[in-house]
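Below are the chains, spelled out letter by letter.
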Amino acid sequence: MLLKRVGVGLLTLFVVSILVFIGTEILPGDVAEVMLGQTATPESLAALRTQLNLDQPAWLRYFGWLADLANGDLGSSMTGSTTIETLIKDRFANTMLLAGVVSIVAIPISLMIGITAAMYAGSAIDRTVTTGSLCAVSVPEFFTATILVMVFSIQLKLLPSIARPTPYMSFFEILRTLTLPVLTLSFAIAAQMIRMTRAAVLNVLDAAYIEMGILKGVPRKQIILKHALLNAISPIVNVIALNLAYLVSGVVIVETVFAYPGLAKLMVEGVQTRDMPLVQACAIIFGSIYVVLMMLADLASFLSNPRLRHPK
Amino acid sequence: MIKPVLKVEDLHIVVKGLNGTEKLIVKGINFEVQPGQVVALIGESGSGKTSIALAALGYCRPGLEFAGGKIEFKGVDLISTSRLERRALRGHKIAYLAQSAAATFNPSIRIGDQVTESAVLHNVLSQKEADNKAVLLYHDLELPKAETIGQRYPHQVSGGQLQRLMAAMALCSGPELMLLDEPTTALDVTTQIEVLKSFKSLIREKGTSAIYVTHDLAVVAQIADHIIVLCDGEIMESGPTDQIIHHPAHAYTRKLMAAVNPIPTDKREIKISDKQGRLTLEVEALYAGYGQIQNGRPEIPVLQDITFSLPSGSTTAIIGESGCGKSTLGLSIAGILPRASGNVRLDGKNLPARLEVRSRENLKHIQFVFQMADTALNPRQRVSDIIGRPLRFYKKMNRIDVRNRVLEILEMVDLSPELVTRYPKELSGGQKQRVNLARALAADPEILICDEVTSALDTIVGANIISLLSRLRSKLGVSFIFISHDISTVATFANQIIVLYAGIIVEQGPADLVLSPPYHPYTKLLLASVPELRTDWLDDTVQLQETKAAIARQVEINETGCPFYTRCPFAISGTCNESLPPVRDLGAQHSVTCHLDGLALPGNNDPYQQRVG
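Residues numbered from 1 in each chain as written. Chains lettered and ligands numbered in written order. Predicted model: local features only at pLDDT ≥ 70, side-chain atom pairs only at ≥ 80, totals over all residues. Heavy atoms only, no water.

Novice: What should I look at first to understand the overall build of chain A in this one?
Specialist: A tally of helices and strands in chain A yields 15 helices and zero strands. Here chain A holds 312 residues, and 41% of them are scored as buried. In chain A, of all internal contacts separated by at least 6 residues, the share reaching a separation of at least 24 is 73%. A total accessible area of about 16200 Å² is found for chain A, and carbon and sulfur atoms account for 70% of it. When the 21 positive and 18 negative side-chain charges of chain A are each reduced to one mean point, those points stand 17 Å apart. (Helix = DSSP H or I, 4+ residues; strand = E, 2+ residues; numbered from the N terminus. Buried < 20%, exposed > 50% of the residue type's maximum accessible area, 1.4 Å probe, protein only. Contact = heavy atoms within 4.5 Å. Areas by Shrake-Rupley, 256 points an atom, 1.4 Å probe, with all protein chains shown as cover. Lys, Arg positive; Asp, Glu negative; His and termini not counted. Charge placed at Lys NZ, Arg CZ, Asp CG, Glu CD.)

Novice: Looking at this structure, how should I read the side chain of Asn495 of chain B?
Specialist: For Asn495 of chain B, the position within the fold is in the loop between helix H18 (487-491) and strand S20 (496-501). For Asn495 of chain B, the side chain forms a polar contact with the main-chain nitrogen of Thr315 of chain B, separated by 2.5 Å. (Polar contact = N/O pair within 3.5 Å; in protein donor to acceptor, adjacent residues only side chain to side chain.)

Novice: How should I be thinking about the sheet that holds strand S21 (residues 504-510) of chain B in this particular structure?
Specialist: Picture the strands of a sheet paired through backbone hydrogen bonds; they go either parallel or antiparallel. Residue and element names in this part refer to chain B. Taken in spatial order, the eight strands make up an open sheet running S17-S18-S19-S14-S20-S21-S23-S22, and their pairing is mixed. Lying at the two open borders of the sheet, with one neighbouring strand each, are strand S17 (366-369) and strand S22 (583-585). Taking the axes of each pair of neighbouring strands and ignoring which way they run, one obtains an average angle of 15 degrees across the sheet. Two elements, strand S14 (residues 315-319) and S20, share four bridges in a ladder whose sense is parallel. Bridge assignment links Ala317 to a residue of S20, and that residue is Ile497. (Pairing = 2+ DSSP bridges. Axes fitted to C-alpha atoms, helices over the stretch in contact; angles between N-to-C directions.)

Novice: Can you walk me through the nonpolar core in this structure?
Specialist: Nonpolar side chains tend to gather and get buried jointly when the protein is soluble and globular. Residues and elements named next belong to chain B. Counting 95 residues, the largest nonpolar core has Leu6, Phe31, Tyr138, Ile211 and Ile227 as its most contacted members. Here this core gets eight residues from one element, more than from any other, and that element is helix H6 (residues 159-171). When sequence neighbours within four positions are dropped, the list of residues in contact with Tyr138 reads Ile111, Gly112, Val115, Leu143, Ala146, Ile149, Gly150, Leu165 and Ala168. If you look at the next biggest cluster of nonpolar residues, it comprises 61 residues, including Ile319, Val402, Val406 and Leu410. (Core = buried A, V, L, I, M, F, W, Y, C linked by side-chain atoms within 4.5 Å.)

Novice: How should I be thinking about the environment of Pro181 of chain A in this particular structure?
Specialist: All names here are of chain A. For Pro181, the location among the structural elements is in helix H8 (residues 171-205). Among the residues examined, Pro181 registers a relative accessible area of 1% and is labelled buried. Along the sequence, Pro181 and Val20 sit 161 residues apart, while their C-alpha atoms lie 28 Å from each other. Aside from chain neighbours lying at most four places away, what touches Pro181 is Leu98, Ala163, Val254 and Phe258.

Novice: Just checking my understanding: could you explain a positive patch on the surface for this structure?
Specialist: All names here are of chain B. Together, Arg360, Arg389, Arg392 and Lys396 give the surface a local cluster of positive charge. Within the secondary structure, Arg360 sits in helix H12 (residues 360-365). The class of Arg360 is partly exposed, set by a relative accessible area of 37%. (Patch = residues over 30% accessible without salt bridge, like charges linked within 9 Å, V, L, I, M, F, W, Y side chains within 5 Å. Salt bridge = Lys/Arg side-chain N within 4 Å of Asp/Glu carboxyl O.)

Novice: Would you explain the packing of aromatic side chains in this entry?
Specialist: Describing an aromatic ring pair means giving the distance of the ring centres and the angle of the ring planes. If you walk through the whole model with that rule in mind, you get twelve aromatic pairs over all chains. Geometrically, the ring pair formed by Phe393 of chain B and Tyr394 of chain B is edge-to-face, given 4.9 Å between the ring centres and 80 degrees between the ring planes. Here the aromatic cluster, defined as three or more aromatic residues joined through ring pairs, consists of Phe21, Tyr62, Phe63 and Trp65 of chain A. We note Arg297 of chain B situated over the ring of Tyr287 of chain B; from NZ or CZ to the ring centre the distance is 3.6 Å. (Phe/Tyr/Trp six-rings, centres within 6.5 Å; stacked < 30°, edge-to-face > 60°. Lys NZ or Arg CZ within 6 Å of the ring centre and 35° of its normal.)

Novice: Hey, could you run me through the confidence of the model for chain B in this one?
Specialist: The predicted coordinates ought not to be read in detail in places where the model reports low pLDDT. All names here are of chain B. Residues with a pLDDT of 70 or more make up 92% of chain B, whose mean pLDDT is 83. Throughout residues 606-613 the model reports pLDDT below 50, and contacts reaching past four residues in sequence, or to other chains, amount to 15 contacts. Among the prediction metrics, the complex's ipTM stands at 0.76, with pTM recorded as 0.76. (pLDDT = per-residue confidence, 0-100.)

Novice: Hey, could you run me through the interface of chain A and chain B in this one?
Specialist: A common measure of how large an interface is: the accessible area buried when the components associate. Taken together, the contact pairs 21 residues of chain A with 24 residues of chain B. Overall, the association of chain A and chain B removes approximately 2400 Å² of surface from exposure, summing both partners, and the carbon and sulfur fraction of that is 58%. Note that Glu117 of chain B is salt-bridged to Lys226 of chain A, the shortest N-O span being 3.3 Å. Our count for the contact surface shared by chain A and chain B stands at 14 residue pairs in polar contact (both at pLDDT 80 or more). Those elements that place two or more of their residues in the side of chain A that touches chain B are helix H9 (208-215), helix H10 (220-228) and helix H15 (306-309) of chain A. Looking at the side of chain A that touches chain B element by element, the count peaks at six residues for H9 of chain A. (Buried area = accessible area lost by both parts, 1.4 Å probe.)

Novice: I'm lost on the packing of helix H7 (residues 141-155) of chain A against H8 of chain A in this one. Help?
Specialist: What describes two packed helices is the angle between their axes and the distance between those same axes. Residues and elements named next belong to chain A. Contact geometry of H7 with H8 gives a least axis separation of 9 Å together with a crossing angle of 140 degrees. Relative to H8, the element H7 lies oblique. The crossing of H7 and H8 is right-handed. Contacts from Glu141, Thr144, Ala145, Leu148, Val149, Phe152 and Ser153 in H7 reach Leu180, Leu183, Thr184, Leu185, Phe187 and Ala188 in H8. (Parallel < 35°, antiparallel > 145°, perpendicular 65-115°, else oblique. Left-handed = near helix turned anticlockwise from the far one by under 90°.)

What follows is the structure in structure tokens.
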């Protein structure tokens, strides 16, 4: 069962690799045109293409790339002399750092707010939470980011508007420089998690075993935390996994606003310079993280459900 | 003078509508429960019986509200007392047993933890003491593997066991008052006997007072000291059990009693429709089940070698306990669950196994009526859409024809034409089941497969549906496959009976022959398990050898031999467990699958038969 799930994951990645490759092929222009720019002549273009193996048929390049990838070799950048690995390494660490801090901040808070809203469904607290999270989900990130920069960096001069962690910074300096992007992203992902947690818990609260809990004299808090939450794990974990995947791959706007050197921005730069190996490498990393997160979510759903864990 | 445990005085409960309207559903109820007494609240759904029982915990379902009166538990008014005090009584001094244990147990928590939860929560026992007490209760309730059953999750035990485990949950904190809300209604008749037997002896032993809520008079007769008959939130009649059963004073009580099916006998008159010459259905050597199919056998086999035919205009009943494969049979005939091998022939032509490849004509001929109208009807569609859909789909009718035909069909199932604009949630249980039936009839089918269509309904409503089906059968000439676990319902309605056990046909034939001796031992068990309207039925029945043997064991499917071997009082060791039983032809299309030969089958010289006389 678990093996099958891993197999499906690998198959998904394979399909992703094909799609990524086709996608980069469709892009108009190539790296040779970008590199030579105005000085390009048909002869120099052809020469550069031969040098970069761009004259080979697409399927041959695809399989060459796939074989290298399977050996852990992401290839070398077409625009510089560096390997993609060195290009990506620091950026990847930065992306994971930002995603990690955001999840540590946003996940527990969202769960608490979501559960509280479900506990007092229909009350003023609940209405505030549902309306507030609906507004939050509707505000675009660049807007939140701009407002935060205006207030905290320009007006109050408390926090930097540019988030560039360097190896020379202390832990607290790094946290300080990350504060605004973390706030922006938490704001964006919390809303969805809050709403999902609330809905999942409320859905379970209709069950007969919850009424039985009340009739056994179990206090409300205990009913929610013990009886309801255990049965709401699966949808909650899934929405968390989706949001984590978004934190890794979908934060290019926030990275741009705060000039944060992350992976998503690197990929966009790769597209601009038509550095296909770089784009492909980033896409495969994003794809892998997504697939792994979904697999973990499935695993958590599996473990939280005794019917699956202990079949008859 | 002994003080009552519970005293209900002038209780009123209202249901609050969305626009602030209030409707009384419990209208001034008075009664008392004495120590050690079992009081039954009996009535149809909507009579307010469950609301009254829940009120004895100081609880109202969402949307309901107390609107006056008092409920005193040993002098404490449960309505006016503080929330904390109410919570302290719930699950401690007053315990509740719900209708469906499967829904009442939390699927994610081990059974033992749920059984001991309230006792530990209310500081009656420490966790360790509670665990020990739970094991004692499991023994008392005759649960298998009492030491370890608490380690299991709810889905790992059978329905009947779960129902008894719920009793353990209620009893663990040593309550003084138990509220039993239809605790055996969802069970098979055979399982009902074992659960009733456990409940009865436990209540007697512990001297607990109880309120028993049900719509089934025959069940109540076994267990209650005092019966209160409710209708529309009012008490119709109240008195000692013997008096109510033998001398019912109120017309409504007599109506309830009339709806209890008589003991099935062969002395019945069932007419086959006059409209002959329609299509017949033949099922031949059908195998079906779940999982991958290899060489015509599914990975998890459910049905084995099923062969029967359904003459046009007649009714074939398929009966057996839950899990015997009766629904699977209906589903594979309809093609919803494709058969693994065998033939299903309609009018001589073999139907494809899968629904998707059957022609629209064939789909139209076989219609399925599902057990739960609640889940079968789309809650977002009006009655007119639900019934109109098959008319547009199968008959390509235009809008005006559809509208007229929907009204005709509603009339056919005795529903008022003004219901066409309603949504399913605006209908009563009986009305929903009629709409469910109307949807199937709209296709103008040859064969209607009815899967437990009355088992979720009250006795009276169920009886009305059956009489409607009988009328439709003679009027329209439709053939029925009537799937049921209740042999007494079937006996009033079927021409032909097929008894299924663990996926094989153990007896089949014309209804009057199946219902008269000689019986297959399993048929005999089913007949003996039908509750009768007399107070000593349960005590008599548990003494019968067939019920004794049957309730001691679970259904076990052996690789070799007869599947009923472990529960059969007539089993021949060395024969029945070694080889498959032969099909014995008893003549007149009546056959029994049993190692006992015709003469040795349970029949003439047994107490059950003499009693029925």
